[in-house]
Structure formats: structure tokens, C-alpha cells
Amino acid sequence: MMFSRLSFCAALALALSLALGRTAQAQNSAQNSTQDNPAAWLTRLFQPPAAAPVPGPGTGEAQWSGQSGASGDPRMTADAIRAAAADFPNCIAGLWPLAERRGITRAAYQRFTAGLVPDLSIMDKLDAQPEFVKAPWDYLDLLVSDDRIAQGRELLGQNAPTFAAVERTYGVDKSIIAAIWGVESNYGTLGGDRPVLRSTATLSCVGRRQDFFRGEFLAALEILQRGDIPPDRFVGSWAGAFGPTQFMPTTFLRYAVDFDGDGRRDVVDSVADVVASTANNLKTDGWVRGQSWGYEVVLPQGFDYLLAGSARPMTVRQWQSLGVRRADGKPLPRPADRASLLLPAGARGPAFLTLGNFNVIMKYNPAEAYALAIGLLADRMRGGAPLVQSWPRDERVLTVDERYELQQLLAQRGFRIGAPDGLIGPQTRFAIRDFQTSVGDIPDGFASSEVLDRLRQR
Ligand code: CA
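As a starting point, this report considers the structure included with it. If you're wondering where the values come from, they're calculated on a predicted model, not measured in any experiment. (Residues numbered from 1 in each chain as written. Predicted model: local features only at pLDDT ≥ 70, side-chain atom pairs only at ≥ 80, totals over all residues. Heavy atoms only, no water.)

1. Focus: unusual backbone geometry
- The backbone of Tyr-187 shows a phi angle near 60°, a positive value even though the residue is not glycine.
- Look at Tyr-187 and you get buried, because its relative accessible area is 13%.
- For Arg-334, which is not glycine, the phi torsion reads 50° and is therefore positive. (Buried < 20%, exposed > 50% of the residue type's maximum accessible area, 1.4 Å probe, protein only.)

Take a look at the structure:
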């Protein structure tokens, strides 16, 4: 599902909903351990509005469809959503003890939650199911475009002293930070305009991810109480990711820094704080100073494609001994580093050796397609050349329904794929490889229309 660990193709499905930003990452992080602790008497402390209406037509707000969610979760039926919305004031009042434990004052809690009404349009987003999946090349065309490269260079140029100071302090490549900025929010233009407190409050009380989002709601309250972000600037994606590099409230609390020294960690409007906080996040996650994320490589004739995948890292020296070379002809540095072979489009597309820093980018947003886009965009901002190898653009990308069918056919033939979910993750790719081996095809694990046709015929 969307919120399980994302495969390359799952990421492609998410590609156009960039406002989603780091939601997937946040969803993947450790579940918040807060417990439900409703205290009915607390409802008296607050004077919630008598009704919590769904915003009517003409308010300019996104409207909830009124439909049950596609996940089938009992908390996502239309009736359950309406019931939870009606109970929203009680739910918010019941969260006060958790807020108090975080050091939120009662006055602040009342001030920030007064008049809060749920934004039910978020429920449609929470259960959105992609119908079509973008091809890797379409995703990369979109994110590593000439325009985005030029804007990134402009951003770096206009803020050169800041980026240089952050790079010196944290050791994280400034072009990677600029690329994250450019991809997460399209350079700040698509970061979302929903109030973070309202979104996280809604998700804390309505729908199927309440435990997780309560941690985000409480973190959002902390941010507001400390005054790091002014309430009117504290806006973001439906899931509560905010600022040009889309911090979630909890990730903000872990990583945000006040780099310009004004006493606030303003990852919305201070370039210095945005750049340094994002760098601090990557550094804390293990970024190695002075190293690349990886390289485009070419593979020799007769290469063993079973060696591909993040589960099979080897040293750069071992890859070289197998005939793997950099596509631009330059030598591969640091032969002792461990690297994995990434084949986003199978044997017919470009190949990449990915290093430890690639995995660090994936911690920021857990999708190979995302990490590759960030790495390639950063390379281009530095003046790097476009990819040497071409994508198999004639390849027809399978729809989600076809992916289900592919998985079901694999399962019927005894290949282990887990539960069919329409997303091609590592397990499905392994199964495709086993199937390809069994029929004498090149086992690259790529879910092509040819593989589906083969399975249908057998
Ligand atoms: Ca600051």
C-alpha cells in the first residue's frame, strides 16, 4: 500500500502529487507511542463550536467527496468519517493531557485549538489510490527538467554565501539541498497552503492514521507555542509537511536549526534555516561528506542481472571486476565503498551504482525514484551532463490493474509475491526475476508488458 515501504514504481505513482512531500517518509517512521487518553471532563474546559460543519460551497475550500475511502478500513467509511467529525471537539479536548505532558500550557492549547474544525477533504487524500503509474523516464523528465535545473542554479547563486556556510558546517552537498528544495515543493511554489495544525488535528481525530498523526499534532502545537513558525505561515500539505523542503512537525523537532541566529527555527521563510535544517537532517541520517550519491554506469555484455538490487551491495572494486564502468568514462573513485546496482527500467534502460549517500536521500523520502531524481538533479545543477544511456520509451507502463494481474499470475505459478497490492516492490521484482529465469529471459525483474504477456500465455 501507499504507506508501506515504497518501491520505485510506487514512488512513480506519487510523483505528481508532490505536495504530498515527505508524507510517505513520515508514515514510515516509527509509530508514535502516544496512547488514546480521552478525559471526558476536559470537554468543559474548552468551548468548542456547537457544530463542526463541513465547509459549504463557495468557501473556496476543497470539499470532501462524502465517499467511503478505498482502503476498506472501518474508520474510512463515510459514516465513520461523519461520526468522527461530529465528535471532533471532544476528541481535541481529549488530547489535552498529552499536550500538557509535552509542556504545552493550557492557555496555548485553548488559543491554538479554539474554533478548529476538521478539514474532511483530507480524507479523500488519505485513501487516494493511484490508477496509473508513471514511467521512470516520465518521472525523471518532470523532476530533472531544464527549468528545474536552471532554477536550482539560480537559488544556489542568489544564496551562495548561505549554501557555502551550510556545506562547510554540515558537510552535505549544497546541490543536493537545492534539489530537495526544488523537488519537494517545486522551489517553494507547491508546498501546500493548508494550516498544519488543522490538518494534523483532523488526522488525529478522523480516519485510519490517528495514532500516527497525534504525534504530529502535538509536535505542531510545540512549534506554535515556541514561536518558531508564525501561525499564518505554518501551512503545508494535507498531511502536515511544511516549508520548501517539507518538514513534518516531528522531523522539524528532531532536525531543525536556527542558522541565522534570530532565535527562531524558521524552515518556512528563512533561507539559512531551511538549508541548514535540511542539511542537518541528512547529516544526522549519515551523509558522508565529499561523496556522491552514485553514478550512471554501463554493464558488460552477458552481465548477470541477478546481482542488481539494493539487497546485493558489493564493493566498487568488485563491480569493476565484473566489468561495470562509469558511463562518462571517468574512473570510479574509492574502490572499497559499497554500492548497489539500480536498474529503474530493467535491462533496457540506464544502470546506476548507488552509494551510501543514496540511502541517506531515501531516508528523507523513501523511494528509489525520488532519490535518483534528487541525485541526478543535483548533478545537473553542478554542470553534469545528461544521462548517456537512453530509456526504453517505447515500453508501455502497466496500469495498477495490470500490476495486480501480474502479481496474481505470479502467485498462481508458485512465485512468492506476498499479498497482491498493485505495487511492484522488491518481493515482486524477485518473483519476476525467478519467472524470467524459469523461461530463459534476461532476469532483470522489470515489470514490463512483455512479462505480463508471457505470464498470460502460460
Ligand atoms: Ca532563525
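2. Observations concerning the packing of aromatic side chains
- Applying the stated criterion across every chain, the model contains eleven aromatic pairs.
- Ring geometry for Trp-137 and Trp-391: centres 6.2 Å apart, planes at 40°, overall tilted. Of this pair, Trp-137 sits in helix α8 (residues 136-143) while Trp-391 sits in the loop between α18 (368-381) and α19 (400-412), placing them 254 residues apart in sequence.
- For Trp-391, a relative accessible area of 10% translates into the label buried.
- An aromatic cluster is defined as three or more aromatic residues linked by ring pairs; in this entry it consists of Trp-96, Tyr-109 and Phe-217.
- When the ring centre of Phe-212 is taken as reference, the NZ or CZ atom of Arg-209 above it lies at 5.2 Å. (Phe/Tyr/Trp six-rings, centres within 6.5 Å; stacked < 30°, edge-to-face > 60°. Helix = DSSP H or I, 4+ residues; strand = E, 2+ residues; numbered from the N terminus. Lys NZ or Arg CZ within 6 Å of the ring centre and 35° of its normal.)

3. Considerations on the environment of Ala-345
- With respect to the secondary-structure elements, Ala-345 resides in the loop between β6 (338-342) and β7 (351-354).
- For Ala-345 and Asp-444, which are 99 residues apart along the polypeptide, the C-alpha to C-alpha distance reads 8.8 Å.
- Setting aside residues no more than four positions away along its own chain, Ala-345 makes contact with Trp-137, Trp-391, Pro-392 and Phe-446. (Contact = heavy atoms within 4.5 Å.)

4. Concerning the side chain of Ser-448
- Its location among the elements puts Ser-448 in the loop between α20 (426-439) and α21 (449-457).
- Judged by its relative accessible area of 7%, Ser-448 is buried.
- Only 3.1 Å separates the side chain of Ser-448 from the backbone nitrogen of Val-451, close enough to count as a polar contact.
- Ser-448 has contacts with Glu-395 and Leu-398, leaving out every residue within four places of it along the chain. (Polar contact = N/O pair within 3.5 Å; in protein donor to acceptor, adjacent residues only side chain to side chain.)

5. Things to note about the packing of α19 against α20
- One way to put it is that α19 packs onto α20 with a least axis distance of 11 Å and a crossing angle of 60°. By the angle class used here, α19 and α20 are oblique. Of the two elements, α19 crosses α20, and the hand of that crossing is left-handed. Contacts between α19 and α20 involve Leu-406, Gln-407 and Leu-410 from the former and Thr-428, Ala-431, Ile-432 and Phe-435 from the latter.
- Looking at the contact of α19 with α20 residue by residue, the class counts come to five nonpolar, two polar and no charged. (Axes fitted to C-alpha atoms, helices over the stretch in contact; angles between N-to-C directions. Parallel < 35°, antiparallel > 145°, perpendicular 65-115°, else oblique. Left-handed = near helix turned anticlockwise from the far one by under 90°. Nonpolar A, V, L, I, M, F, W, Y, C, P; charged D, E, K, R; others polar.)

6. Remarks on the sheet that holds β6
- The five strands are arranged β4-β6-β7-β3-β5 in an open sheet whose pairing can be described as antiparallel. If you trace the sheet from one side to the other, it starts and ends with β4 (309-315) and β5 (325-326), each paired once.
- Looking at chain direction, strand β3 (residues 294-298) and β5 are connected through two bridges and run antiparallel. Across the sheet, the residue bridging to Val-298 is Arg-325, located in β5. (Pairing = 2+ DSSP bridges.)

7. Digging into the state of the cysteines
- For the structure on display, the rule yields one disulfide.
- Note on cysteine connectivity: Cys-91 is disulfide-linked to Cys-205, with sulfurs 2.0 Å apart. Residues Cys-91 and Cys-205 are joined by a disulfide whose S-S torsion is about -85°; by sign, that bridge is left-handed. Within this pair, whereas Cys-91 is found in helix α4 (residues 88-94), its partner Cys-205 is found in helix α12 (residues 196-205), the two being separated by 114 residues in sequence. (Disulfide = S-S within 2.5 Å.)

8. Looking at the coordination of the calcium ion
- Ligation of the calcium ion by protein atoms is provided by Asp-258 (OD), Asp-260 (OD), Asp-262 (OD), Arg-264 (O), Asp-273 (OD) and Asp-273 (OD), these donors lying 2.2 to 3.2 Å from the ion.
- Its six donor atoms give the calcium ion angles of 43 to 162° at the centre, a pattern that matches the irregular case.
- We note that the donor set of the calcium ion lies within a single chain, spaced as D-x1-D-x1-D-x1-R-x8-D.
- What makes Asp-260 partly exposed here is its relative accessible area of 38%.
- Judged by relative accessible area, which is 45%, Asp-262 ranks as partly exposed. (Donors = N, O, S within 2.8 Å, 3.2 Å for Na, K, Ca; no water. Tetrahedral: all angles 85-135°; square planar, octahedral: opposite > 155°, others 65-115°.)

9. Observations concerning the environment of Ala-178
- Residue position: Ala-178 is located in helix α11 (residues 174-184).
- As a C-alpha pair, Ala-178 and Thr-245 span 67 residues in sequence and 9.1 Å in three-dimensional space.
- Non-local contacts of Ala-178, meaning those with residues more than four positions away in its chain, are made with Leu-155, Leu-156, Phe-163, Tyr-187 and Met-381.

10. Examining the pairing of β7
- Across the two faces of β7 the burial is the same, with Ala-351 and Leu-353 and Phe-352 and Thr-354 all buried.
- In this sheet, β7 lies alongside β3 in antiparallel orientation, the contact comprising four bridges. Residue pairing in the sheet places Tyr-295 in a bridge with Leu-353 of β7.
- In the sheet, β6 pairs with β7 via three bridges, with the strands oriented antiparallel. Its bridge partner being in β7, Ser-340 is matched across the sheet by Thr-354.

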